[in-house]
Amino acid sequence: LNRRTFMAAAAATLLFSSVANAQYKDEYTVSTVLPSAFPWGQAADKWVELVKERSEGRINMKIYSNSQLVSGDQTKEFSAMRSGLIDMAVGSTINWSPQVPELNLFSLPFLMPDNAAIDAITRGEAGKAVFAAIEKRGVTPLAWGENGFRELSNSKRTISQPSDLDGLKIRVVGSPLFQDTFTALGANPTQMSWADAKPALTTGAVDGQENPLSVFDVARIDQVGQTHLTLWHYMADPLVFAVSNRVWSQFSPEDQELLKQAAIDAGQWEIEKSRAELDATLAAIKERGVEVTELTQEQHDAFVAATQSVYEKWTPRIGEDLVKQAQKAVAER
Ligand code: X2X
């Protein structure tokens, strides 16, 4: 061996061994808001299980639910992942929207009338643009899941038109967009974490809340006086399976692919499962005596008209092109 060949071989060996021995953590943290009793938690469980199986135990992930890694403040989850405090998460677009304004897209009232509309956005160009926006802010998105269409409940009265919301105190989630939606409808919105929501409903500090039927059902929201439920399908929050960029770059390309495919499979599984369970969930809720209101077309249109100001204010923040792209995808679904 001449000297030059030797040096090249040594460098190659060094490079190879540094990749092959890349120090993986014994365990990766996965943050969720909702635990295993909910479809959301089950999505994370499935991801962890598939990764463990397919990596033959090389990659281990541990779920920390109830936003415990961010002391219950779900709106801090994205920042914690970006800074590497959390390795991975299955998170709601709502909770990450304070850091990724593009995620407010899904919260625009009545943008997505049905499941096909959600899919048209997430599986199309708009979905890609949203993923690019997440990535740009330090987190690698891998796949979509679903929390579900968020329906409105309250302890006071039947809600079938915007004026029925007049003065009602409604607990809302993370993004200021929700303040605007409920203010436009004449309600009195209060932003609080999921951890604080049930106590606030119990004491009557708030009159109402909005969440998917699966959450209403499993969390037994009917037991804290929420006896009126309006199926208005005003928005749905997709879930995103994601990894902190700091952690992502430490995985070999093969393991990145493994993590991604497992997330795609877990997401698909969870989306199908939670959609399939919806009818039974609604039946169970009715069985418990909750008054369920469905809107006529005319009533629905009144809610759409009453929330137009949200589009005017938020379209520039989300991005004009992205909103148009999404609306086109929905129209052509
Ligand atoms: O806080 C909520 O309402 C929940 C559980 O649905 C979310 O994290 C968006």
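Going by the structure above, here's the rest.
All values reported here derive from a predicted model rather than from experimental measurement. (Residues numbered from 1 in each chain as written. Predicted model: local features only at pLDDT ≥ 70, side-chain atom pairs only at ≥ 80, totals over all residues. Heavy atoms only, no water.)

(A) Geometry of the packing of helix 7 (residues 176–184) against helix 13 (residues 308–318). At their nearest, the axes of helix 7 and helix 13 sit 9 Å apart, and the two run at 150° to each other. Comparing the axis directions of helix 7 and helix 13 gives the class roughly antiparallel. Helix-helix and strand crossings are classified by hand; for helix 7 and helix 13 the assignment is right-handed. Together, Pro176, Leu177, Asp180, Thr181 and Ala184 of helix 7 and Ser309, Val310, Lys313 and Trp314 of helix 13 make up the contact between the two elements. Here the contact of helix 7 with helix 13 is composed, by residue class, of five nonpolar, two polar and two charged. (Axes fitted to C-alpha atoms, helices over the stretch in contact; angles between N-to-C directions. Helix = DSSP H or I, 4+ residues; strand = E, 2+ residues; numbered from the N terminus. Parallel < 35°, antiparallel > 145°, perpendicular 65-115°, else oblique. Left-handed = near helix turned anticlockwise from the far one by under 90°. Contact = heavy atoms within 4.5 Å. Nonpolar A, V, L, I, M, F, W, Y, C, P; charged D, E, K, R; others polar.)

(B) Spatial organisation of the packing of aromatic side chains. Counted by the stated rule, this structure contains twelve aromatic pairs. Between Phe106 and Trp144 the ring centres are 5.6 Å apart and the planes differ by 65°, which places this aromatic pair in the edge-to-face class. With Phe106 in the loop between helix 4 (93–96) and helix 5 (115–122) and Trp144 in strand 4 (residues 139–154), this residue pair connects regions lying 38 residues apart in the sequence. Exposure class is identical for Phe106 and Trp144. Each is buried. Centre to centre, the rings of Phe182 and Tyr234 are 5.9 Å apart; their planes meet at 75°, and the pair counts as edge-to-face. One end of the pair, Phe182, is in helix 7; the other, Tyr234, is in the loop between strand 8 (228–231) and strand 9 (236–244), and 52 residues separate them in sequence. Of the two residues, Phe182 and Tyr234, neither departs from the other in class, the shared state being buried. Above the ring of Trp269, the side-chain terminus of Lys46 is found at 4.5 Å from the ring centroid. For Arg317, the ring lying beneath its charged end belongs to Trp314, and the centroid distance is 4.5 Å. (Phe/Tyr/Trp six-rings, centres within 6.5 Å; stacked < 30°, edge-to-face > 60°. Buried < 20%, exposed > 50% of the residue type's maximum accessible area, 1.4 Å probe, protein only. Lys NZ or Arg CZ within 6 Å of the ring centre and 35° of its normal.)

(C) Local environment of the nonpolar core. Membership of the largest hydrophobic core comes to 47 residues, with the highest contact counts inside it found for Trp47, Met61, Met88, Phe251 and Leu259. Within the second largest apolar cluster, 37 residues are counted, among which are Trp96, Phe106, Phe131 and Val330. (Core = buried A, V, L, I, M, F, W, Y, C linked by side-chain atoms within 4.5 Å.)

(D) Spotlight on empty space enclosed by the protein. The final tally for this structure, using the stated rule, is one cavity of 30 Å³ or more. Trp40, Gln74, Asn147, Arg150 and Asn211 are the residues nearest the centre of the largest cavity, which is lined by 15 residues in total. Here the residues of the lining of the largest cavity sort into seven nonpolar, five polar and three charged. (1 Å grid on protein atoms, 1.4 Å probe; cavity = no way out; pocket = protein on both sides within 12 Å on 5 of 7 lines; lining within 4 Å. Points joined across faces, edges and corners; volume = space filled by probe spheres on them.)

(E) Examining the environment of Thr32 more closely. Looking at the secondary structure, you find Thr32 in the loop between strand 1 (28–31) and helix 2 (39–54). Using a relative accessible area of 0% as the deciding quantity, one classes Thr32 as buried. Through-space distance from the C-alpha of Thr32 to that of Phe241 is 10.0 Å; in sequence the pair is 209 residues apart. Excluding its chain neighbours within four sequence positions, the residues that come into contact with Thr32 are Trp40, Ala44, Ile63, Tyr64, Ser65, Asn66, Ser67, Glu77 and Val90. A distance of 3.1 Å separates the side chain of Thr32 from the backbone oxygen of Leu34, its partner in a polar contact. (Polar contact = N/O pair within 3.5 Å; in protein donor to acceptor, adjacent residues only side chain to side chain.)

(F) Geometry of the site of the ligand. Around the ligand, 13 residues are found, and the nearest of them are Gln74, Asn95, Arg150, Arg171 and Asn211. Taking Asn95, its side chain carries an N or O atom lying 2.9 Å from an oxygen atom of the ligand. In isolation the ligand has 270 Å² of accessible area, and contact with the protein removes 100% of it. Among the cavities detected, the one that contains the ligand is the largest cavity. Among the residues forming the shell around the ligand, the class breakdown is five nonpolar, five polar and three charged. (Near = heavy atom within 4 Å. Areas by Shrake-Rupley, 256 points an atom, 1.4 Å probe, with all protein chains shown as cover. Sits in = over half its atoms within 2 Å of the grid points.)

(G) Examining the pairing of strand 7 (residues 208–212) more closely. Judged by how many residues are buried, strand 7 sits mostly within the fold: five of five residues are covered. Where strand 5 (residues 169–172) meets strand 7, two bridges bridge the pair, whose relative direction is parallel. Of the residues in strand 7, the one forming a bridge with Arg171 is Gln209. (Pairing = 2+ DSSP bridges.)

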